[in-house]
Every structure is written in structure tokens, then in C-alpha cells.
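These are the residues of each chain, in order.
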Amino acid sequence: MRHNLLGKSNISISELTLGCMSLGSDYQHASEIIDTAIENGINHLDTADLYDFGLNEQIVGKSIKHRRDQVVITSKVGNHFQADSKEWYWDPSKKYIHQAVRNSLSRLQLDYLDVCMLHGGTIDDPIDETIEAFEELKKDGLIRTYGISSIRPNVIREYAKRSSIDVLMTQYSLLDRRPEEEILPLSLENNISVVCRGPLAKGLVSNQMKDIIEKKGENGYLNYSYEELVKLNERLNEIRSDYSIQELAMHYVGDHPAVTSTVFGASSLNQLEENIREYNKTDHIDETLYRQLQELTKEATYDNHR
């Protein structure tokens, strides 16, 4: 599996990222998934302090303790939570970010985070204060680099303009092409690596597309109606040639020049192995098919947070 540099940093991550949110609370089960991912060339693990209110970080940390030098660990902060009451509120203050990163390091049993992301963000945040916190943490050696996880163009623009972020995590798929309007070009222009989540759109563009549309698609998805999803499934099967639908969906996202890595969750070994297998079938899809996928799906813009 190929590896790519994150932005202007010297951190190199695999083209596939294991999203750890779906690992569950069973350590043995989760560690088997993590070990299998690493053995198949995935070196980037993505977690967040809010996932299972800190438990996910604990499981990830325990699972990689014996192979820290083989992995790049990303975690996310900004949601001020109480693990016992399961309550949280948004807090991008400098004081809390410093505290949250240290708490994450303790749960992960790490001396430093490779990447720390702000887990959301609004245009009304004290953005300069938030950036200052990350810069101080970087200077202190507690994080190697930082970024933001967001779908809000108005927020992302501010971080691109006012900070030295190396990475942006955002939602992107065949069914959600909103990042193509501004976010992806902006990231390319500013040498910010994009890490994409949701490339299979909750399974609606996967090898189980027809079944999942029947089970979950009656109310449509974003700007697609149920009928449009059914029609899209038919058309994808007509044009896909030797590719699987999942292969097309993964590479439509992964082949974009702004995209450094694509995030997949896995709640089972079978799910993990299928994602790896489908992605590794080809290095890229050809340009003609790529354009056909664009013609079959909808361009989209962000209605909010412009």
C-alpha cells in the first residue's frame, strides 16, 4: 500500500486509514482488527477523545503499545465531556485543548500524538486562540502536527488562511460531492492533505448497494431520493466493467489529487478485509470511467456554513 506525506510535515500515512470509532468495547476483538490493518500496510489509525468517552483511545493505545513505531496516531479534541455522566459541550478554548490533549495522551499511553485535529468548529469560535493552543502543543513536542475535522467551508477557509494546518478530515463520496466545489481546490492550493471519511456513504455505494438501499434508503440520502438511488445502482452496474461498485466508490474519492488517505471504519475483520481487498484491486480507475461517474452523480454545494 502506498504512503503519502501529510501536508508540509514529514509524516507519511497509508492511502487507507483505519477509523477506530466502530471497533467496539471488546479489547481482544478491536486489537485483532488493528493488528490485521497494520499487517496489511495500514499505518494510520484515527480515533477521538469523544469516542466511547475515552474508552476508544484506551483500547487503541493498548493495542499499539508493542508497535508504536509502526503507526501514525490521530486523535481529535474540542468536545468537553464527562465520562461518568456521558455529557459534553463544545469547547475550543486554549485551556481545554491543552488539557484534552494531555488527557488523550494518558489514555493512549503515548508521549506524543502524531496528529491532533479539532473535532468540529464554528465560525464563532476563538479561532486564533485555538490555533495558538495547537502551535504551543507542537512546540512542546506533545503533537507533531495538527488539523481540523470539518465539513464547514467558512471554518475551513479560516484555518487555511490563519494557521499552519497540515490535514483536513471531511466527508466525501460519490453521493456527497460537496467538497469538490471549494474545499478540495482550497486544500490543494494550501498544501493541506485531505483525509476523507464516509467514502461508501453508509454502504449506499458499496458491493451491497442494492440491499442497503432497500433497507436504509427509503428516505433517500442527502440530495438523492430513493428512486434516484435505485436508478444509480442500475447505471453503476451497467458501466462498471471489471470493477466492483465498492472499488469505484473508493477510488473515486481516493484518486482525487487533494486526497491523501481514505478513512474506513470496521466493526469486524471481514469488513476490514473487504475494504482492503477492494481498494487494492487497482491503483486507480481510468479517466473515462471517472468522468462517467461524475456524469451519473450530482454536483453539490454546501447550503449552510458557506
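Conventions and cut-offs
Residues numbered from 1 in each chain as written. Predicted model: local features only at pLDDT ≥ 70, side-chain atom pairs only at ≥ 80, totals over all residues. Heavy atoms only, no water. 1 Å grid on protein atoms, 1.4 Å probe; cavity = no way out; pocket = protein on both sides within 12 Å on 5 of 7 lines; lining within 4 Å. Points joined across faces, edges and corners; volume = space filled by probe spheres on them. Helix = DSSP H or I, 4+ residues; strand = E, 2+ residues; numbered from the N terminus. Nonpolar A, V, L, I, M, F, W, Y, C, P; charged D, E, K, R; others polar. Buried < 20%, exposed > 50% of the residue type's maximum accessible area, 1.4 Å probe, protein only. Right-handed = clockwise from strand over helix to strand, strands pointing away. Pairing = 2+ DSSP bridges. Axes fitted to C-alpha atoms, helices over the stretch in contact; angles between N-to-C directions. Polar contact = N/O pair within 3.5 Å; in protein donor to acceptor, adjacent residues only side chain to side chain. Contact = heavy atoms within 4.5 Å. Phe/Tyr/Trp six-rings, centres within 6.5 Å; stacked < 30°, edge-to-face > 60°. Lys NZ or Arg CZ within 6 Å of the ring centre and 35° of its normal.

## With respect to the layout of surface pockets
Part 1 of the reasoning: A volume near 900 Å³ is recorded for the largest pocket.
Part 2 of the reasoning: Along the walls of the largest pocket sit 32 residues, with Ser22, Gly198, Lys202, Phe264 and Gly265 positioned nearest its centre.
Part 3 of the reasoning: Among the secondary structure elements, those contributing two or more residues to the lining of the largest pocket are β10 (167-171), β12 (259-265) and α10 (269-280).
Part 4 of the reasoning: Among the residues making up the lining of the largest pocket, the classes are represented as 13 nonpolar, 14 polar and 5 charged.
Part 5 of the reasoning: Each pocket or cavity is described by its volume, and for the second largest pocket that value is around 150 Å³.

## Structural notes on the pairing of β10
Part 1 of the reasoning: In terms of burial, β10 is a largely internal element, 5 of the 5 residues being buried.
Part 2 of the reasoning: Burial along β10 is two-sided: Val167, Met169 and Gln171 and Leu168 and Thr170, pointing in opposite directions, are all buried.
Part 3 of the reasoning: Note on the crossover from strand β9 (residues 143-149) through helix α5 (residues 153-162) to β10: the handedness is right-handed.
Part 4 of the reasoning: As defined by bridge partners, β10 adjoins strand β11 (residues 193-197) across 5 bridges and the pair is classed as parallel. When the sheet's bridge partners are listed, glutamine 171 is paired in β11 with arginine 197.
Part 5 of the reasoning: One crossover worth recording links β10 to the parallel β11 by way of helix α6 (residues 183-189), and it is right-handed.

## Concerning the sheet that holds strand β4 (residues 44-46)
Part 1 of the reasoning: The 8 strands lie next to each other as β3-β4-β5-β8-β9-β10-β11-β12, forming a closed barrel whose pairing is parallel. Mean inter-strand twist for the sheet, computed between neighbouring axes without regard to direction, equals 30°.
Part 2 of the reasoning: With 4 bridges connecting them, strand β5 (residues 72-77) and strand β8 (residues 113-119) associate as parallel partners. Residue pairing across strands places valine 77 opposite leucine 118, the latter belonging to β8.

## Thoughts on empty space enclosed by the protein
Part 1 of the reasoning: In the structure shown here, the tally under the stated rule is 1 cavity of 30 Å³ or more.
Part 2 of the reasoning: Within this model, the largest cavity holds a volume of roughly 40 Å³.
Part 3 of the reasoning: Taken together, Leu16, Thr17, Leu18, Ile42, Phe264, Leu272, Asn275 and Ile276 make up the full set of residues lining the largest cavity.
Part 4 of the reasoning: Looking at the lining of the largest cavity, the elements with two or more residues in it are β3 (16-19) and α10.

## Some thoughts on the side chain of histidine 80
Part 1 of the reasoning: Secondary-structure assignment places histidine 80 in strand β6 (residues 79-82).
Part 2 of the reasoning: For histidine 80, the side chain forms a polar contact with the side chain of aspartate 91, separated by 2.9 Å.
Part 3 of the reasoning: Apart from the residues within four sequence positions on either side, histidine 80 is in contact with Glu87, Trp88, Tyr89, Asp91 and Tyr96.

## Here we look at the packing of aromatic side chains
Part 1 of the reasoning: Applying the stated criterion across every chain, the model contains 5 aromatic pairs.
Part 2 of the reasoning: When the ring of phenylalanine 134 is compared with that of tyrosine 146, the centres are 5.1 Å apart and the planes differ by 10°; the resulting orientation is stacked. Of this pair, phenylalanine 134 sits in helix α4 (residues 127-139) while tyrosine 146 sits in strand β9, placing them 12 residues apart in sequence. No difference in accessibility class separates phenylalanine 134 from tyrosine 146, as the two residues are buried.
Part 3 of the reasoning: Relative to tyrosine 252, the ring of tyrosine 172 lies with its centre 6.2 Å away and its plane at 50°, an arrangement referred to as tilted. Here the residue tyrosine 172 occupies a position in the loop between β10 and α6, and tyrosine 252 occupies one in helix α9 (residues 245-254), the gap between them amounting to 80 residues.
Part 4 of the reasoning: For tyrosine 252, a relative accessible area of 0% puts it in the buried group.
Part 5 of the reasoning: Grouped by ring-pair contacts, the aromatic residues Phe53, Phe81 and Trp88 constitute a single cluster.
Part 6 of the reasoning: The ring of tyrosine 27 has lysine 62 lying over it, and the distance from NZ or CZ to the ring centre is 4.2 Å.

## Remarks on the pairing of β6
Part 1 of the reasoning: Inspection of the sheet shows β6 paired to strand β7 (residues 87-90) by 4 bridges, in the antiparallel sense. Within the sheet, the bridge partner assigned to phenylalanine 81 lies in β7 and is tryptophan 88.
Part 2 of the reasoning: Counting the residues between successive antiparallel strands, the hairpin from β6 to β7 contains 4 residues, one of them, lysine 86, with a positive phi of roughly 60°.

Purely geometric numbers; function is a separate question.
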